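# A closer look at the structure
Each chain, written out:
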Amino acid sequence: YTSAEGRQELLDGLAEAVDRLGFALAALGAAYEQLDERNADRLEEELFGPVQLSYGHAKAAHAGFASRHGLVSPAFAVPEPGAPSTGARGFIDAAVDAAAEADAGLSALQDSPVWTEVGDQELRAAVAGVRERLAGVRGRARELERTLGR
(Lines give C-alpha, C1' and ligand atoms only; values in the text may rest on other atoms or scores of the structure.)
Protein backbone atom coordinates (compact mmCIF):
# COMPACT_ATOMS: atom_id res chain seq x y z
CA TYR A 1 0.00 0.00 0.00
CA THR A 2 1.58 3.27 -1.12
CA SER A 3 0.88 6.90 -0.29
CA ALA A 4 -0.20 7.43 -3.91
CA GLU A 5 -2.79 4.64 -3.57
CA GLY A 6 -4.03 6.15 -0.32
CA ARG A 7 -4.36 9.59 -1.88
CA GLN A 8 -6.26 8.12 -4.81
CA GLU A 9 -8.56 6.33 -2.37
CA LEU A 10 -9.28 9.66 -0.66
CA LEU A 11 -9.92 11.33 -4.01
CA ASP A 12 -12.29 8.55 -5.07
CA GLY A 13 -14.25 8.84 -1.84
CA LEU A 14 -14.44 12.59 -2.17
CA ALA A 15 -15.54 12.23 -5.81
CA GLU A 16 -18.44 10.01 -4.72
CA ALA A 17 -19.54 12.71 -2.27
CA VAL A 18 -19.28 15.38 -4.99
CA ASP A 19 -21.40 13.23 -7.30
CA ARG A 20 -24.08 12.80 -4.62
CA LEU A 21 -24.10 16.55 -3.95
CA GLY A 22 -24.40 17.18 -7.69
CA PHE A 23 -27.47 14.97 -7.76
CA ALA A 24 -28.88 16.79 -4.72
CA LEU A 25 -28.47 20.11 -6.54
CA ALA A 26 -30.18 18.78 -9.65
CA ALA A 27 -33.08 17.44 -7.58
CA LEU A 28 -33.46 20.72 -5.69
CA GLY A 29 -33.45 22.58 -9.01
CA ALA A 30 -36.23 20.34 -10.28
CA ALA A 31 -38.22 20.88 -7.07
CA TYR A 32 -37.75 24.64 -7.39
CA GLU A 33 -39.40 24.58 -10.82
CA GLN A 34 -42.52 22.95 -9.34
CA LEU A 35 -43.03 25.26 -6.37
CA ASP A 36 -44.88 28.53 -6.01
CA GLU A 37 -42.73 31.64 -5.68
CA ARG A 38 -42.80 31.83 -1.87
CA ASN A 39 -41.83 28.18 -1.34
CA ALA A 40 -39.30 28.30 -4.19
CA ASP A 41 -37.59 31.22 -2.48
CA ARG A 42 -37.53 29.29 0.81
CA LEU A 43 -36.11 26.23 -0.92
CA GLU A 44 -33.41 28.33 -2.54
CA GLU A 45 -32.41 30.00 0.71
CA GLU A 46 -32.70 27.08 3.12
CA LEU A 47 -31.65 24.11 0.99
CA PHE A 48 -30.24 25.00 -2.40
CA GLY A 49 -27.78 27.59 -1.05
CA PRO A 50 -26.13 25.34 1.56
CA VAL A 51 -26.00 22.35 -0.81
CA GLN A 52 -24.60 24.49 -3.61
CA LEU A 53 -21.88 25.85 -1.32
CA SER A 54 -21.09 22.33 -0.13
CA TYR A 55 -20.89 21.09 -3.72
CA GLY A 56 -18.59 23.93 -4.77
CA HIS A 57 -16.31 23.52 -1.78
CA ALA A 58 -16.15 19.74 -2.17
CA LYS A 59 -15.23 20.12 -5.85
CA ALA A 60 -12.58 22.68 -4.97
CA ALA A 61 -11.20 20.44 -2.22
CA HIS A 62 -11.04 17.54 -4.68
CA ALA A 63 -9.24 19.64 -7.31
CA GLY A 64 -6.89 21.19 -4.76
CA PHE A 65 -5.90 17.88 -3.19
CA ALA A 66 -5.38 16.33 -6.62
CA SER A 67 -3.26 19.27 -7.74
CA ARG A 68 -1.13 19.29 -4.59
CA HIS A 69 -0.33 15.61 -5.07
CA GLY A 70 -0.02 15.39 -8.86
CA LEU A 71 -3.27 13.48 -9.37
CA VAL A 72 -6.08 14.03 -11.85
CA SER A 73 -9.38 15.64 -10.86
CA PRO A 74 -12.17 14.71 -13.28
CA ALA A 75 -14.85 17.02 -14.59
CA PHE A 76 -18.02 16.40 -12.62
CA ALA A 77 -21.28 16.18 -14.54
CA VAL A 78 -24.62 17.15 -13.05
CA PRO A 79 -26.97 14.18 -13.36
CA GLU A 80 -30.63 14.18 -14.32
CA PRO A 81 -32.84 14.35 -11.22
CA GLY A 82 -35.64 12.21 -12.62
CA ALA A 83 -39.04 12.63 -14.19
CA PRO A 84 -41.15 15.71 -13.39
CA SER A 85 -43.86 13.37 -12.09
CA THR A 86 -41.61 12.81 -9.06
CA GLY A 87 -43.08 16.04 -7.72
CA ALA A 88 -41.52 18.71 -5.53
CA ARG A 89 -41.65 16.58 -2.36
CA GLY A 90 -40.10 13.63 -4.16
CA PHE A 91 -37.30 15.77 -5.50
CA ILE A 92 -36.68 17.33 -2.09
CA ASP A 93 -36.62 13.88 -0.46
CA ALA A 94 -34.19 12.60 -3.10
CA ALA A 95 -31.96 15.64 -2.57
CA VAL A 96 -31.96 15.19 1.20
CA ASP A 97 -31.10 11.50 0.82
CA ALA A 98 -28.26 12.32 -1.60
CA ALA A 99 -26.89 15.01 0.74
CA ALA A 100 -27.04 12.54 3.63
CA GLU A 101 -25.20 9.93 1.54
CA ALA A 102 -22.52 12.50 0.72
CA ASP A 103 -22.18 13.40 4.39
CA ALA A 104 -21.98 9.74 5.40
CA GLY A 105 -19.29 9.12 2.78
CA LEU A 106 -17.28 12.08 4.02
CA SER A 107 -17.67 10.86 7.59
CA ALA A 108 -16.38 7.43 6.57
CA LEU A 109 -13.40 9.09 4.89
CA GLN A 110 -12.64 11.07 8.04
CA ASP A 111 -12.78 7.87 10.09
CA SER A 112 -10.52 5.86 7.77
CA PRO A 113 -6.86 5.18 8.53
CA VAL A 114 -5.99 6.59 5.10
CA TRP A 115 -7.26 9.97 6.27
CA THR A 116 -4.59 10.25 8.93
CA GLU A 117 -1.89 8.69 6.77
CA VAL A 118 -2.15 10.79 3.60
CA GLY A 119 -4.83 13.45 4.12
CA ASP A 120 -3.50 16.98 4.43
CA GLN A 121 -4.63 19.92 6.55
CA GLU A 122 -6.34 21.74 3.67
CA LEU A 123 -8.40 18.67 2.80
CA ARG A 124 -9.34 18.13 6.44
CA ALA A 125 -10.54 21.72 6.81
CA ALA A 126 -12.48 21.62 3.54
CA VAL A 127 -14.27 18.37 4.36
CA ALA A 128 -15.14 19.61 7.84
CA GLY A 129 -16.63 22.76 6.28
CA VAL A 130 -18.68 20.79 3.77
CA ARG A 131 -20.08 18.55 6.48
CA GLU A 132 -20.90 21.55 8.66
CA ARG A 133 -22.94 23.15 5.86
CA LEU A 134 -24.84 19.91 5.27
CA ALA A 135 -25.68 19.39 8.94
CA GLY A 136 -29.05 21.14 8.97
CA VAL A 137 -30.31 20.23 5.51
CA ARG A 138 -32.60 17.39 6.59
CA GLY A 139 -34.31 19.43 9.30
CA ARG A 140 -34.81 22.46 7.07
CA ALA A 141 -36.20 20.23 4.31
CA ARG A 142 -38.71 18.65 6.68
CA GLU A 143 -39.82 22.09 7.86
CA LEU A 144 -40.27 23.25 4.26
CA GLU A 145 -42.18 20.10 3.29
CA ARG A 146 -44.46 20.50 6.28
CA THR A 147 -45.75 23.78 4.87
CA LEU A 148 -46.05 22.78 1.21
CA GLY A 149 -49.57 22.93 -0.14
CA ARG A 150 -50.85 25.21 2.58
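Anything mentioned here points back to the structure above.
In this report, we go over the structure that sits alongside the text. (Residues numbered from 1 in each chain as written. Predicted model: local features only at pLDDT ≥ 70, side-chain atom pairs only at ≥ 80, totals over all residues. Heavy atoms only, no water.)

### So, the packing of helix H3 (residues 87-111) against helix H6 (residues 137-147)
Here H3 crosses H6 at 170°, and the two axes come no closer than 10 Å. Here H6 runs roughly antiparallel to H3, going by the angle between their axes. Residue-level contacts link Arg89, Ile92, Asp93, Val96, Asp97 and Ala100 of H3 to Val137, Arg138, Ala141, Arg142, Leu144 and Glu145 of H6. Partitioning the contact of H3 with H6 into residue classes produces six nonpolar, no polar and six charged. (Axes fitted to C-alpha atoms, helices over the stretch in contact; angles between N-to-C directions. Helix = DSSP H or I, 4+ residues; strand = E, 2+ residues; numbered from the N terminus. Parallel < 35°, antiparallel > 145°, perpendicular 65-115°, else oblique. Contact = heavy atoms within 4.5 Å. Nonpolar A, V, L, I, M, F, W, Y, C, P; charged D, E, K, R; others polar.)

### A closer look at the nonpolar core
Buried together is how nonpolar side chains tend to be arranged in soluble globular proteins. Leu10, Leu21, Leu43, Leu47, Val51, Ile92 and Leu123 are the most contacted members of the largest nonpolar core, which totals 46 residues. Broken down by secondary-structure element, the contributors of at least two residues to this core are helix H1 (3-34), helix H2 (37-68), H3, helix H4 (113-118), helix H5 (121-134) and H6. (Core = buried A, V, L, I, M, F, W, Y, C linked by side-chain atoms within 4.5 Å. Buried < 20%, exposed > 50% of the residue type's maximum accessible area, 1.4 Å probe, protein only.)

### Section: H3
With 25 residues, H3 should cover 36 Å at 1.5 Å per step; its first-to-last C-alpha distance of 36 Å lies within 8% of that length. For H3, the set of buried residues is Gly87, Ala88, Phe91, Ile92, Ala95, Val96, Ala98, Ala99, Ala102, Leu106 and Leu109. On the buried face of H3, the contacting elements are H1, H2, H4, H5 and H6. (Expected span 1.5 Å × (residues − 1).)

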